[in-house]
Amino acid sequence: MIFRQALLLAGIAALWTPTARAAATPVLVQTSSGRFEFATIDPAVGHAVAALAEEMWRSLEKPLGLPAAFSSPVFVRLLPAPGDGRTAAFEVNLEPGGVVSLWWRGDVGEDSLLRRALVRGLLARLAVSQRGAAASATPAAWLEHACVAWWRARSEGAQLDLARLHATKIPPPSIAGLLDWPAESEPEPTISAAMFWLMTFLQAESGPSGEWAGFVRRLLAGMDPQAALAASYPGRFQGAPARELWWQTGWHHHRRLRVLPVQEAAESRGFIEVLARFVYASPDGEADRLVPLAEVLTRGMEPAVSADIARRLNTLGSVTTTLHPFYLNAGLSLADAFQAATSGKPVPRGLTETFEADWRQGTILEQASRRALDALEAKARTTAAPDKG
């Protein structure tokens, strides 16, 4: 590992100008072990992109069936500019030994491209974990774009409403056109939204036999997307017309499902507050005590605690899409914490802190919104008041 890190740092240093090399030394920034490792000249950039990668992992962990960690992370070189005669903003390579490297040569402010780069690196690493040397560094373009759209909807509450809005502007695109989306072609926002709805639909259609997981495995193995769909979802359709009807029915159902938030901000706040509050009997049996969430998570495999968490997780999952946007992230991060506590594996560090940060952000937004509405109401009353002069 030390040798590999030295090569990574040497590679990034060699591509900087002599002036830049004299002014700065490459540093390594890591996410959770076995996920991503970034080599960069600017530590602030490295930490910002690492935080984005952690957010991506949390958003895609369930739909992609990600492990807690890979045997080796995705090694990312954050370069300041092309500088080496290459024009692509990023590229993902499979190197000897199953190592996946991601070279980023663009501006980290290019959010869409940066998200695509991180998703492609993650998909390539997942393919290596499943296929070994037979893996491909270029998974199906549709899956890449769909994962970016899913990530946005999971991490930014307003993006889900935006996806619904986009879906009202166009008829359902053909499923073949989405699945066979050409590589390196950036879809319009309405098409990105359609890819999100297709990913939502296919997961919802997946039963106990794991059709969605099988579909992803086939795509990562390089199988033709349309053939992979037919092989993964047997009996759902017979022929292209039936397949389109199947998809279009799902499109209309999911885009119309709970179009507007059912809960007000205060209602969502109270709902999550109750789910995150654990009161258990003290060991001496004399009084109940409020148990911190972090402690509860560490005791998730105790039968009574596990049953309680599973019940709360089921309750949360049934209403997640109705949470007010201010508290959607808090609900999602609380669900992540509950899932980790009952997984039978060590609970990753930082889950409680992530939930608490999302919770604080929700309360800040709610309070700011209330102040703005109060100010508007006060202004309206002042404007409407009769002139007594």
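Calculation notes
- Residues numbered from 1 in each chain as written.
- Predicted model: local features only at pLDDT ≥ 70, side-chain atom pairs only at ≥ 80, totals over all residues.
- Heavy atoms only, no water.
- Phe/Tyr/Trp six-rings, centres within 6.5 Å; stacked < 30°, edge-to-face > 60°.
- Helix = DSSP H or I, 4+ residues; strand = E, 2+ residues; numbered from the N terminus.
- Buried < 20%, exposed > 50% of the residue type's maximum accessible area, 1.4 Å probe, protein only.
- Lys NZ or Arg CZ within 6 Å of the ring centre and 35° of its normal.
- Core = buried A, V, L, I, M, F, W, Y, C linked by side-chain atoms within 4.5 Å.
- Contact = heavy atoms within 4.5 Å.
- Salt bridge = Lys/Arg side-chain N within 4 Å of Asp/Glu carboxyl O.

Draft legend 1. Representation of the packing of aromatic side chains. The tally for this structure, following the rule as stated, stands at 16 aromatic pairs. Taking the centre distance of 5.7 Å and the plane angle of 55 degrees together, the rings of Tyr233 and Trp246 count as tilted. Of the two residues, Tyr233 sits in the loop between helix 10 (225-232) and helix 11 (240-256) while Trp246 sits in helix 11, which places them 13 residues apart along the sequence. For Tyr233, a relative accessible area of 1% translates into the label buried. When the ring centre of Trp151 is taken as reference, the NZ or CZ atom of Arg115 above it lies at 4.4 Å.

Draft legend 2. Local environment of the nonpolar core. In terms of nonpolar packing, the biggest core is built from 70 residues, with Phe36, Phe38, Leu118, Trp142, Leu143, Leu202 and Phe215 touching the most fellow members. Excluding residues within four positions of it along the chain, Trp142 makes contact with Leu178, Leu179, Met195, Leu198, Met199, Leu202, Trp212, Phe215 and Leu219. Counting 28 residues, the second largest nonpolar core, distinct from the first, contains Leu293, Leu313, Ala335 and Leu351.

Draft legend 3. Main features of the side chain of Arg152. Tracing the backbone through its elements, the reader meets Arg152 in helix 5 (residues 141-155). Since its relative accessible area comes to 18%, Arg152 is described here as buried. Not counting the four nearest positions on each side in its chain, Arg152 is found in contact with Asp111, Ser112, Arg115 and Gln159.

Draft legend 4. Just the pattern of salt bridges, in detail. Within this structure, the stated rule accounts for 18 salt bridges. Here Glu95 and Arg77 are joined by a salt bridge, their closest N and O atoms 3.9 Å apart. Placement of the pair is Glu95 in strand 4 (residues 90-95) and Arg77 in strand 3 (residues 74-78), with a sequence separation of 18 residues. Accessibility expressed as a relative area gives 28% for Glu95, which makes it partly exposed. Connected through shared salt-bridge partners, Glu55, Asp111, Arg115 and Arg152 make up one network.

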